[in-house]
Amino acid sequence: MTMSKSNRTDSPGSDSQENANPENADTLRAAKCVPCEGGVPTLSRDEATELMKAIPDWELAADAKRISRTLKCRNFVDAVARINQISVLAEEEQHHPDLHLTGYRMLKIELTTHAIGGLSRNDFVVAAKIDPLLSQPSV
Ligand SMILES: C[C@H](O)[C@H](O)[C@H]1CNC2=NC(N)=NC(=O)C2=N1
């Protein structure tokens, strides 16, 4: 008899235990950034790759030390308005992206945890919170 997923008992080490609570955009958005002043390990490439599934519009750098999202804004004023929205969020979270505005409306948002020289969960929390801001008109 095949056991349905719902009445299967999870035991440590069983394959159903693996990824029992996968992170998604909602769990990341419900989280708060944890103050980071170093002394904690960066996420491994595998951990980062797993978290990328929650933020599909973002790109993982080849060295797995940062994530980025690039968008073409309507115009310069729209791009600056988005920077301002992101700055409010970054201050609330006390985790700050690098923001590059080039070619008058190309906005590249990069996240890395400077204190540890690589990625932490904070980067994914902020990325997941930035996404809804970008899907609304800025002004
Ligand atoms: C204590 C507080 O978490 C730190 O000073 C924060 C501020 N904002 C930050 N932002 C980013 N991106 N990386 C950091 O390491 C960082 N450190």
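Heads up: the structure comes first, above all this text.
Read on for a plain summary of the structure. (Residues numbered from 1 in each chain as written. Predicted model: local features only at pLDDT ≥ 70, side-chain atom pairs only at ≥ 80, totals over all residues.)

Lining the immediate surroundings of the ligand are P35, C36, E37, Q94, H95, H96, T113, H114 and A115. Its residues placed into classes, the shell around the ligand shows 3 nonpolar, 5 polar and 1 charged. (Near = placed C-beta within 6 Å. Nonpolar A, V, L, I, M, F, W, Y, C, P; charged D, E, K, R; others polar.)

As a further point, take the nonpolar core. With 19 residues, the main nonpolar core has F124, V126 and A127 as its most contacted residues. Elements represented by at least two residues in this core include exactly α2 (45-52), α3 (76-93), β4 (106-111) and α4 (121-134). (Core = buried A, V, L, I, M, F, W, Y, C linked by C-beta atoms within 7 Å. Buried ≥ 20, exposed ≤ 12 C-beta atoms within 10 Å, placed from the backbone. Helix = DSSP H or I, 4+ residues; strand = E, 2+ residues; numbered from the N terminus.)

Okay, the sheet that holds strand β3 (residues 98-102) next. Strand order in the open sheet made by the 4 strands is β1-β2-β4-β3, with antiparallel pairing throughout. Here the strands that pair on one side only, and so sit at the sheet edges, are β1 (59-60) and β3. Here β1 runs beside strand β2 (residues 67-72); their pairing, made up of 2 bridges, is antiparallel. Bridge pairing in β2 links E59 to S68. Packed on one face of the sheet, α4 meets β2 and β4 and runs near 155 degrees to β4. (Pairing = 2+ DSSP bridges. Contact = placed C-beta atoms within 7 Å. Axes fitted to C-alpha atoms, helices over the stretch in contact; angles between N-to-C directions.)

Burial along β4 is one-sided: L107, I109 and L111 are buried, while M106, K108 and E110, pointing the other way, are not. Two elements, β2 and β4, share 6 bridges in a ladder whose sense is antiparallel. Directly across from T70, in β4, lies its bridge partner K108. The pairing of β3 with β4 spans 5 bridges and is antiparallel. Residue pairing in the sheet places T102 in a bridge with M106 of β4. In this antiparallel pair of consecutive strands, β3 and β4, the connection spans 3 residues, and G103 shows a positive phi of 55 degrees.

Now for unusual backbone geometry. Residues other than glycine seldom take positive phi values, yet Q94 does so here, at roughly 50 degrees. Looking at the element boundaries, Q94 is found in the loop between α3 and β3.

Another point: the environment of E110. When you line up the elements, E110 lands in strand β4. Under the C-beta neighbour-count criterion, E110 is labelled partly exposed, with 17 such atoms within 10 Å. Residues E110 and R69 lie 41 residues apart in sequence; the distance between their C-alpha atoms is 6.7 Å. Beyond its immediate chain neighbours, meaning those up to four positions away, E110 contacts R66, S68, P97 and D98.

Its 18 residues place the ends of α3 26 Å apart at the C-alpha level, agreeing with the 26 Å of an ideal helix rising 1.5 Å per residue. Residues of α3 that are buried sit in contact with β3, β4 and α4. Following α3 by one or two positions, Q94 adopts a phi angle in the positive range, close to 50 degrees. (Expected span 1.5 Å × (residues − 1).)

So, to be careful, I would describe these as geometric facts and stop short of saying anything about function.
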